[in-house]
Amino acid sequence: MATATTGFLLVNKHFQVEAFQNKKIYQMKKAVKDEMRMASASSRRKTISQEYGVWKKHFGRVNAATGEERQKLNSWKSNISGGSGSLVQDGLVYRQNFLVRSFEIGFDRKLSLAALTNYLQDTALEQCRVIGISADGFGSTPEMSRQDLIWVTSTLQIVVDSYPSWHDCVEVDTWFYPSGQNSVGRDWIVRDGKTGCTLAQATSVWVLMNKKTRKLSKLKEEIRDELAPHMRNCDPIIVKDRRKLLRLDVDTADFAREGVKPDWDQLDLNQHVNHVQYINWILEIVPRSFVEHHKLSSITLEYRKECTTDSVLQSLAKIVKNGVRHNSNDKVIELEHLLLLENGSEIARGSTSWKPRDIPA
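Residues numbered from 1 in each chain as written. Predicted model: local features only at pLDDT ≥ 70, side-chain atom pairs only at ≥ 80, totals over all residues. Heavy atoms only, no water.

Draft legend 1. Representation of the overall build of the chain in the model. Counting its regular elements, the chain contains eight helices and twelve strands. Sorting the 361 residues of the chain into buried and exposed places 42% on the buried side. Relative to all contacts within the chain whose residues are 6 or more apart in sequence, the contacts with residues 24 or more apart total 68%. Split by element, the accessible area of the chain, about 20100 Å² in all, is 51% carbon and sulfur. (Helix = DSSP H or I, 4+ residues; strand = E, 2+ residues; numbered from the N terminus. Buried < 20%, exposed > 50% of the residue type's maximum accessible area, 1.4 Å probe, protein only. Contact = heavy atoms within 4.5 Å. Areas by Shrake-Rupley, 256 points an atom, 1.4 Å probe, with all protein chains shown as cover.)

Draft legend 2. A look at unusual backbone geometry. Phi is positive for D148, which is not a glycine, with a value near 60°. Along the chain, D148 turns up in the loop between helix 5 (142-146) and strand 3 (149-160). Not every positive phi belongs to a glycine, and R214 is a case in point at roughly 60°. Here R214 is to be found in the loop between strand 6 (198-210) and strand 7 (216-217).

Draft legend 3. Quick look at the packing of helix 4 (residues 113-130) against helix 7 (residues 275-284). Closest axis-to-axis distance for the helix 4/helix 7 pair is 10 Å, and the angle between their directions is 165°. Judged by the angle between their axes, helix 4 and helix 7 are roughly antiparallel. Like other packed secondary-structure pairs, helix 4 and helix 7 cross with a definite hand, here right-handed. Here L113, A114, T117, N118 and Q121 of helix 4 lie close against helix 7, whose contacting residues are H275, V276, I279, N280 and L283. Partitioning the contact of helix 4 with helix 7 into residue classes produces five nonpolar, five polar and no charged. (Axes fitted to C-alpha atoms, helices over the stretch in contact; angles between N-to-C directions. Parallel < 35°, antiparallel > 145°, perpendicular 65-115°, else oblique. Left-handed = near helix turned anticlockwise from the far one by under 90°. Nonpolar A, V, L, I, M, F, W, Y, C, P; charged D, E, K, R; others polar.)

Draft legend 4. Representation of the packing of aromatic side chains within the structure. One pass over the structure, following the stated rule, counts four aromatic pairs. Look at F98 and Y119: their rings are 4.2 Å apart centre to centre, the planes differ by 10°, and that puts the pair in the stacked class. Here Y119 lies in helix 4 and F98 lies in strand 2 (residues 93-99), a separation of 21 residues in the sequence. In this structure, F98 and Y119 share a single accessibility class: buried. Aromatic side chains F290 and W354 sit 5.3 Å apart centroid to centroid with 75° between the ring planes, which places their arrangement in the edge-to-face category. Of this pair, F290 sits in helix 8 (residues 288-293) while W354 is found in strand 12 (residues 346-356), placing the two residues 64 residues apart along the sequence. Relative accessible area serves as the criterion here: at 13%, F290 is assigned to the buried category. Residue classification places W354 among the buried positions, given a relative accessible area of 3%. Clustering of aromatic rings is evident, with ring pairs tying together Y278, W281 and Y303. (Phe/Tyr/Trp six-rings, centres within 6.5 Å; stacked < 30°, edge-to-face > 60°.)

Okay, structure coming up:
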């Protein structure tokens, strides 16, 4: 009986200590956030750099720790970083690992492009949350929330060198940077979690939209000041293709599908169809026989209009290039894509590049 009582007291003491530690961590994070809200952009950048240095020094002890000490440090690090990811490169880059799950792979046992794009979106939102600028919605800053503004994707370009397989671990880095007067650029690098080899790269441009009027808005100085301490000074990771995406001629399309209707589960928190679903609609009309012998190597999208569950769409595609590019062993087939509302308004323009599969599926 004495042993059971002693065990109970030890467990109870453990939870008391853990609760105390969690309270201290919460108070520390809140104090840093409150301090940053009142500080200037330059001061916030300095604070972030200092906090990152403290965390990095503290986390460095994990390599030398053993047993219970290692477990406590990992738990503390998890609370600070958000659990599934962490800040690197002076706190300006967010890194998160993903394990490829069975429902994220296609018939070829490789990660689907839609699942990969979900990884990109998830890391973008997690970075905003971890650095403390996400007030509500999808990465909306406090000032954006006060002005009823949300982020919407303007352009997205993804280049894939190799698709990971089921149970592979992938590492995703993301960061954002200034892009023009009224937009923000965000890029990603996707690496093999074991080898560090680059699997894919992506670049995008985000703009502001008023949640009530559904019209685009300027990137005002107050919002830019919130973002400035967390931005990298860099260029897009992918050199933009200078060829303009032209409107596909409906009458000359090689593939078409009409009567496409969004479902409720395809809406996001901003009450419009998530931009990842556009990729699914574009790829669904590509013939299976084509996909069985070719793999998607790149996709470029220009988002022109939002759509909701009341929308009825038409998806069109056309083969625009079929030949040899770069070298004699690199046969690339390019397609143009167009998503339209039934009244003829454009939802999105796009292009895809396909390479022959090494082994026929």
